[in-house]
Amino acid sequence: MSQLTVYNENDTDTPILDTREADEIARELDSVGVLFERWPASHQLAADATPEQIGEAYADDIERLQQQFGYATWDVIGLHPEHPQKDAMRAKFLDEHTHSEDEVRFFVDGAGLFTLHIGDKVYATLCEANDLISVPAGTRHWFDMGDKPHFKVIRLFNNQEGWVANFTGTDIARDFRPSGEQMLGQG
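In short, a report on the structure.

What counts, and where the lines are drawn
Residues numbered from 1 in each chain as written. Predicted model: local features only at pLDDT ≥ 70, side-chain atom pairs only at ≥ 80, totals over all residues. Heavy atoms only, no water. Helix = DSSP H or I, 4+ residues; strand = E, 2+ residues; numbered from the N terminus. Polar contact = N/O pair within 3.5 Å; in protein donor to acceptor, adjacent residues only side chain to side chain. Contact = heavy atoms within 4.5 Å. Core = buried A, V, L, I, M, F, W, Y, C linked by side-chain atoms within 4.5 Å. Buried < 20%, exposed > 50% of the residue type's maximum accessible area, 1.4 Å probe, protein only. Pairing = 2+ DSSP bridges. 1 Å grid on protein atoms, 1.4 Å probe; cavity = no way out; pocket = protein on both sides within 12 Å on 5 of 7 lines; lining within 4 Å. Points joined across faces, edges and corners; volume = space filled by probe spheres on them.

## Examining the side chain of T19
You can see T19 is positioned in strand β2 (residues 17-19). In terms of polar contacts, T19 uses its side chain to reach the backbone amide nitrogen of E21, at 3.1 Å. In this structure, T19 is in contact with S2, Q3, L4, E24 and I25, ignoring residues within four places of it in sequence.

Next up, the structure:
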């Protein structure tokens, strides 16, 4: 189940807010400019559904976001616990970074933890199947897929070549990592 836990950036132990209510998560994230939605599939998908089948199941929502925000392309990627490069892929996103375009992810399956550092607050956002999150360009954040990654996501882009992580050089993500592992059920 989706979860949002909000902290002061200097206190990893005492949440300001901890909720699993989708409407409350959406309202709280909207207040800081982050889009969070729940999408129903138009039809049931098989576990081995192709990217084309996944795109067909969510075509209306993909098209709506493309029209609303100008996203030019989309794709589907996934990762499973047996992937030989899972540790390197996890490490790539664990430090705080920004992007020059929105980071838009819809979880078809599995889970991942987007942690956003906005102002003096940290928003640990556990996304699971049927969750969409859109992290605005320039937002400091990090992503944890856990040590046993399992997810399949639709990604939307303005320009795939522009999706480059710009690391901030801070240690804040390391301070919040134990919370991330616990939220993913791996800590």
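## A word on the nonpolar core
Judged by nonpolar contacts, the single largest core of 20 residues is most densely connected at L4, L29, F107, F114, L116, F143 and F151. Mapped onto this core, the elements with two or more residues apiece are β1 (3-8), α1 (22-30), β6 (103-118), β7 (121-128), β8 (131-135) and β10 (151-157). Sorting elements by how many residues they give to this core places β6 first, with 3 residues.

## Things to note about the pairing of β6
Of all 16 residues making up β6, 14 are buried, and the element is well covered by its neighbours. For β6 and β8, the ladder comprises 4 bridges, and the chain directions are antiparallel. Across the sheet, residue F106 finds its bridge partner in β8, namely L132. Of the pairings in the sheet, the one linking β6 to β10 comprises 6 bridges and is antiparallel in character. By the bridge assignment, G110 is partnered in β10 with F151. Note that β6 and β7 share 8 bridges and pair antiparallel. Each residue of the ladder has a partner; that of T115, found in β7, is A124. Where β6 folds back onto β7 in an antiparallel hairpin, the turn is made up of 2 residues, including G119, whose phi is positive at roughly 65 degrees.

## What about the layout of surface pockets?
Here the largest pocket is characterised by a volume of approximately 260 Å³. What lines the largest pocket is a set of 16 residues, and nearest its centre among them are I77, F93, M145, F151 and R155. Elements that contribute at least two residues to the lining of the largest pocket include exactly β4 (73-79), α4 (86-93), β6 and β10. Broken down by element, the residue count for the lining of the largest pocket peaks at 4 residues, all from β6. Looking at the second largest pocket, its volume works out to about 150 Å³. As for the second largest pocket, its lining consists of A41, H43, Q44, L45, A46, A47, A49, I54, Y58, V108, D109 and K152.

Just distances and angles here, no functional claims.
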